[in-house]
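In case you want the letters, here they are:
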Amino acid sequence: MTSELGSALVVALTYGVAVAVAGVPVVVLAFVLASSRPAPVGLGLAGGWALGLAVALGVVIAVSDVAVAASDGSDPPSNVALAWVRIAAGVALLVLGARSWQARGSAKQPAWMKGVAGWSPRKAFSTGFALGAVNPKNLAIIASATSALLEATTSPALHVPAVLLFAIVGSIGVAGPVLYRVAGGEGALRALEHGDRWLQARATMLSAVVLAVLGVIVLVNGVTAL
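Residues numbered from 1 in each chain as written. Predicted model: local features only at pLDDT ≥ 70, side-chain atom pairs only at ≥ 80, totals over all residues. Heavy atoms only, no water.

### Looking at the overall build of the chain
Keep this limit in mind: A run of H or I in DSSP counts as a helix once it spans at least four residues, and a run of E counts as a strand once it spans at least two, with each numbered from the N terminus. Relative accessible area decides the class of each residue, using a 1.4 Å probe on protein chains only: under 20% of the type maximum gives buried, over 50% gives exposed, and in between gives partly exposed. Only heavy atoms enter the contact rule, under which two residues are in contact if any of them lie within 4.5 Å. Per-residue and other accessible areas follow the Shrake-Rupley method at a 1.4 Å probe size, with only the shown protein chains counted as cover for residues.
Within the chain, the regular secondary structure consists of nine helices and zero strands. In sequence order, the chain lays out its α and β elements as α-α-α-α-α-α-α-α-α. Across the 226 residues in the chain, those meeting the buried criterion constitute 45%. Summarising the internal contacts of the chain: among those between residues at least 6 apart in sequence, 89% fall at separations of at least 24. For the chain, the computed accessible surface area is about 10900 Å², with 69% contributed by carbon and sulfur atoms.

Shown next, in the form of C-alpha cells:
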C-alpha cells in the first residue's frame, strides 16, 4: 500500500509539474491580474484553476475507478489500453505544440483575456475554473496522468491524495504571482510588471517548446509500453 501511494504521488507530482510549465499563457494572465487588479481577483483565478484541475482529473479517475469496481477487479485496465491512451495524449500534445509554434510572435490576445481590466473575483474564478478543467492542453496531460495513475494503483483511496497533489503542483505557476503580490505588497509590482512583459513576449514560444517536449516523452512512454 505504501509503495503504491508513493508511486501515485510521484505520478501526480510529475504531471502536475507538466501542467504548471505548459500553462504559460495562463501564467501571463496571472501576472497581469497580480500587477493591475486587486488581490482577490488574482486569488479567484488561482483558486478556480486549481479546482478545475482537481475536478477534471478527479472525474476521469472516478469514472475509471467505477469501471474497475464494476468488473470486480477481475478485468483491470490492460497495459496495452493504457499505452494507447498515452500515445493518443502524446500526439495531441504534439499537435497543440505545433499550433502554438505557428502562433509564436502573434500579438493577438486570446478571447478569454478580453475585458480583463473589468474582471470581478467571481469572473476570475469562473475563468480560471474553465481554463483548468477544459483546456485542451490540460485534458491531454490529464489523460496521460490517468493512465499512469491506474498503472501505479487501482485503489480509489490512493487516487484522492494524488489528485490533490496534482492540483496543487499544477497551480504553482498561476498562484505564484498572486501570492507574491500579496506577500510583497507594493514593492512586488515592479518585478511583476517586468515578468509580465518578459512572459508576454515569449509565452507562445515557451508553451510550444514545453508541449513538444512533453508530447515526445508521453508518446515514447506509450509506444515502449506496448
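On we go from here.
### Comments concerning helix 4 (residues 79-102)
Keep this limit in mind: Here the expected span of a helix is defined as 1.5 Å times the quantity of residues minus one.
An ideal rise of 1.5 Å per residue puts 34 Å on 24 residues; helix 4 measures up with 35 Å between its terminal C-alpha atoms. Among the residues of helix 4, L82, A83, R86, I87, A89, G90, L93, L96, G97 and S100 are the ones counted as buried.

### So, helix 6 (residues 136-152)
What counts, and what does not: Between N or O atoms, a polar contact is any pair within 3.5 Å; within protein, one atom must be a potential hydrogen donor and the other a potential acceptor, and residues adjacent in sequence are included only when both atoms are from side chains.
Taking 1.5 Å as the rise per residue, helix 6 with 17 residues should run 24 Å; its terminal C-alpha atoms sit 24 Å apart, in good agreement. The distance from a side-chain oxygen at the start of helix 6 to the backbone nitrogen of K137 is 2.9 Å, and the residue carrying that oxygen is N135.

### Observations concerning the environment of G170
For G170, the position within the fold is in helix 7 (residues 156-170). The buried category is assigned to G170, whose relative accessible area is 1%. Through-space distance from the C-alpha of G170 to that of G132 is 9.3 Å; in sequence the pair is 38 residues apart. Those residues in contact with G170 that sit more than four places away from it in its chain are G16, V19, A20, W49 and L53.

### Topic: the pattern of salt bridges
Where we set the bar: Salt bridges are defined by distance alone: a side-chain nitrogen of Lys or Arg within 4 Å of a carboxyl oxygen of Asp or Glu.
This structure, assessed with the given rule, holds one salt bridge. Among the ionic pairs, R86 bridges to E151, the shortest N-O distance being 2.7 Å. Of the two residues, R86 is situated in helix 4 and E151 in helix 6; the sequence distance between them amounts to 65 residues. Among the residues examined, R86 registers a relative accessible area of 10% and is labelled buried.

### Some words on the nonpolar core
Rule in force here: Working definition of a nonpolar core: buried Ala, Val, Leu, Ile, Met, Phe, Trp, Tyr and Cys residues. They are joined through side-chain atoms within 4.5 Å.
Grouped together as the largest cluster of nonpolar side chains are 54 residues, with contacts concentrated most on I141 and F166. The element that contributes the greatest number of residues to this core is helix 2 (residues 24-36), accounting for 10 residues. Apart from residues lying up to four places away in sequence, F166 is in contact with A12, Y15, G16, V19, L53, L57 and I142.

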